[in-house]
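Chain residues, written in single-letter form:
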Amino acid sequence: MFENLSEKLQRSFKNLRGEGTISDENISEALREIRLALLESDVNLAVVDELIEHIRTRAVGSQVATALSPTEQIVKIVHDELVNVLGRDTARFKFSSQPPSVILMAGLQGSGKTTTTAKLAQWLKKGGHRPMLVSVDVYRPAAREQLKVVAQSISAQLYEGHLDVKGAGTDEVLRLAREAKREAANYGCDILIVDTAGRNHIDAELMDEMAALKKLLNPSEILFVADAMTGQDAVNSAKAFNDHLTITGAILTKMDGDARGGAALSIRHVTGAPIKFLGTGEKPDAFEAFHPDRIVGRIMG
Ligand code: GDP
């Protein structure tokens, strides 16, 4: 479907062979190709333009090393610049000094938040932790039931709690969260992962509720879950969540689809928060720590 960027560059550089240096003129076509490829990969426009300028500055006037063809040289520069944007932070977690550490999961409905909550629990369990899960989506019983089912499938502790029949609202959300944190401490769980209510769109109510949860729970991590297939929309919601909550990391789901993963660059760029994991399927173990090199390889083809 997508033409391989390295091949495109090969084409645009066929005239360059033998010239010895990469100049302003002969790089223009290559930069156009790079720009297009990045946009096709869902990297947002502002990020693309900034990257292109970095690449131009580094490339123009650089001597073509004898060991590398001009194309190889540009490919290397593009590769390095993309990795720079993504950063080299790995999937490390901050923990609070007083257990349980709280991980607050944020994201829109359908992004894969509940599935990812379970995947993360499984990953932490493998790392020797004892996570407890809670869903504070008091608005959708099906969401709480879904978390219960996945928690059972991975044998993770779940705080179910009881909903007050008087109705669902932020007070209920906070009550459940408070109880879950206490319960996690009682059970000797060192981590509480809180699956929050998702909405179809971002609204003030959702953000206020998230902010109230943050204030109550003092989470050591606030992870934004985004569906990689939604490209630019994922970037916009990342920005909105980050503006309100200051996220500490992001997880891109559905990377088993044909999304090129440019959203990773954009999310990193607009929020400053590292991408920590990728979701690569529906099963709890379809989850991997984020490696910038792999996404860059995927974008460049
Ligand atoms: P939530 O509304 O954000 O909690 O989203 P869910 O966890 O319910 O996920 C929505 C749909 O996406 C479900 O059908 C999941 O099985 C699916 N899903 C979640 N993560 C992935 C992933 O990494 N790959 C694929 N292929 N599907 C996923």
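Residues numbered from 1 in each chain as written. Predicted model: local features only at pLDDT ≥ 70, side-chain atom pairs only at ≥ 80, totals over all residues. Heavy atoms only, no water.

Cut-off, in case you're wondering: UniProt positions are given in the numbering used here, feature names are shortened, and annotations may be inferred rather than shown by experiment.
As recorded by an unreviewed UniProt entry, the protein carries the name Signal recognition particle protein and is attributed to Edaphobacter acidisoli. As its UniProt record puts it under Function (unreviewed entry), the protein is described as follows: "Involved in targeting and insertion of nascent membrane proteins into the cytoplasmic membrane. Binds to the hydrophobic signal sequence of the ribosome-nascent chain (RNC) as it emerges from the ribosomes. The SRP-RNC complex is then targeted to the cytoplasmic membrane where it interacts with the SRP receptor FtsY."

### A few points about the UniProt feature "domain: SRP54-type proteins GTP-binding" (unreviewed entry) in the protein
To keep it simple, the criterion reads: Strands are runs of DSSP state E lasting at least 2 residues, helices are runs of H or I lasting at least 4, and numbering of each runs from the N terminus.
Taking the numbering used here, the UniProt-annotated feature "domain: SRP54-type proteins GTP-binding" (unreviewed entry) corresponds to residues 274–287. Between the C-alpha atoms that bound residues 274–287 there is a distance of 16 Å. The span itself is 0% helix and 43% strand.

### Quick notes on the packing of aromatic side chains
The condition is simple: When two rings of Phe, Tyr or Trp (its six-membered ring) have centres within 6.5 Å they constitute a pair, described as stacked for plane angles under 30 degrees, edge-to-face for angles over 60, and tilted for the intermediate range. Here the term buried applies to any residue with accessible area under 20% of the maximum for its type, exposed to any over 50%, and partly exposed to those in between, with areas from a 1.4 Å probe on protein chains only. Either the NZ atom of lysine or the CZ atom of arginine qualifies as a charge over a ring when it sits within 6 Å of the ring centre and within 35 degrees of the ring normal.
The final tally for this structure, using the stated rule, is 6 aromatic pairs. A centroid spacing of 5.3 Å and a plane angle of 40 degrees characterise the contact between Phe 224 and Phe 241, whose relative ring orientation is tilted. Taken as a pair, Phe 224 in strand β5 (residues 221–227) and Phe 241 in helix α9 (residues 232–245) lie far apart in primary sequence, 17 residues in all. The class of Phe 224 is buried, set by a relative accessible area of 1%. Taken together, the ring pairs in this structure connect Phe 93, Phe 95, Trp 123, Phe 277 and Phe 287 into an aromatic cluster. Taking the ring centre of Tyr 139 as reference, the NZ or CZ of Arg 199 above it sits at 5.3 Å.

### A few points about the sheet that holds strand β3 (residues 157–159)
The test is simple: Strand pairing is assigned whenever DSSP identifies at least 2 bridges connecting the two strands. For helices, the fitted axis covers only the stretch in contact; all axes are lines through C-alpha atoms, and the angles between them, taken along N-to-C directions, range from 0 to 180 degrees. The criterion used for residue contact is that any of the two residues' heavy atoms lie within 4.5 Å.
On the basis of which strands lie adjacent, the open sheet formed by 8 strands has the order β3-β2-β4-β1-β5-β6-β7-β8 and mixed pairing. Strand pairing shows two members of the sheet lacking a second neighbour, β3 and β8 (287–289), which therefore form its edges. The sheet shows a mean angle of 25 degrees between the axes of neighbouring strands, direction not considered. Examined bridge by bridge, strand β2 (residues 131–135) and β3 share 3 bridges and lie parallel to one another. When the sheet's bridge partners are listed, Leu 133 is paired in β3 with Leu 158. Contacting β1 (101–106), β2, β4 (191–195), β5, β6 (249–253), β7 (275–279) and β8, helix α5 (residues 113–126) crosses the sheet at an angle of about 170 degrees to β4. The strands touched by helix α10 (residues 262–271) are β5, β6 and β7; relative to β6, the strand with the most contacts, the crossing angle is about 165 degrees.

### Examining the site of the ligand
Test applied: We call a residue near a molecule or strand whenever a single non-hydrogen atom of that residue lies within 4 Å of it. N or O atoms closer than or at 3.5 Å make up a polar contact, with two conditions inside protein: a donor-capable atom paired with an acceptor-capable one, and, for residues adjacent in sequence, both atoms drawn from side chains. Using a 1.4 Å probe, the Shrake-Rupley method yields the accessible areas, and only the shown protein chains count as cover for residues.
Neighbouring the ligand are 17 residues; Gly 110, Lys 113, Thr 115, Asp 256 and Glu 282 lie closest to it. At a separation of 2.5 Å, an oxygen atom of the ligand approaches a polar side-chain atom of Thr 115. Gly 279 has a polar backbone atom sitting 3.3 Å from an oxygen atom of the ligand. With the chains in place, 79% of the 580 Å² that the ligand exposes on its own is no longer accessible.

### Observations regarding unusual backbone geometry
The linkage connecting Pro 99 with the following residue, Pro 100, adopts the cis geometry, with an omega of 0 degrees. Although it is not a glycine, Ser 155 adopts a positive phi angle of roughly 50 degrees. Along the chain, the position of Ser 155 falls in the loop between α6 (141–153) and β3. The exposed category is assigned to Ser 155, whose relative accessible area is 59%. Residue Thr 246 is not a glycine yet carries a positive backbone phi of 55 degrees. Within the secondary structure, Thr 246 is located in the loop between α9 and β6.

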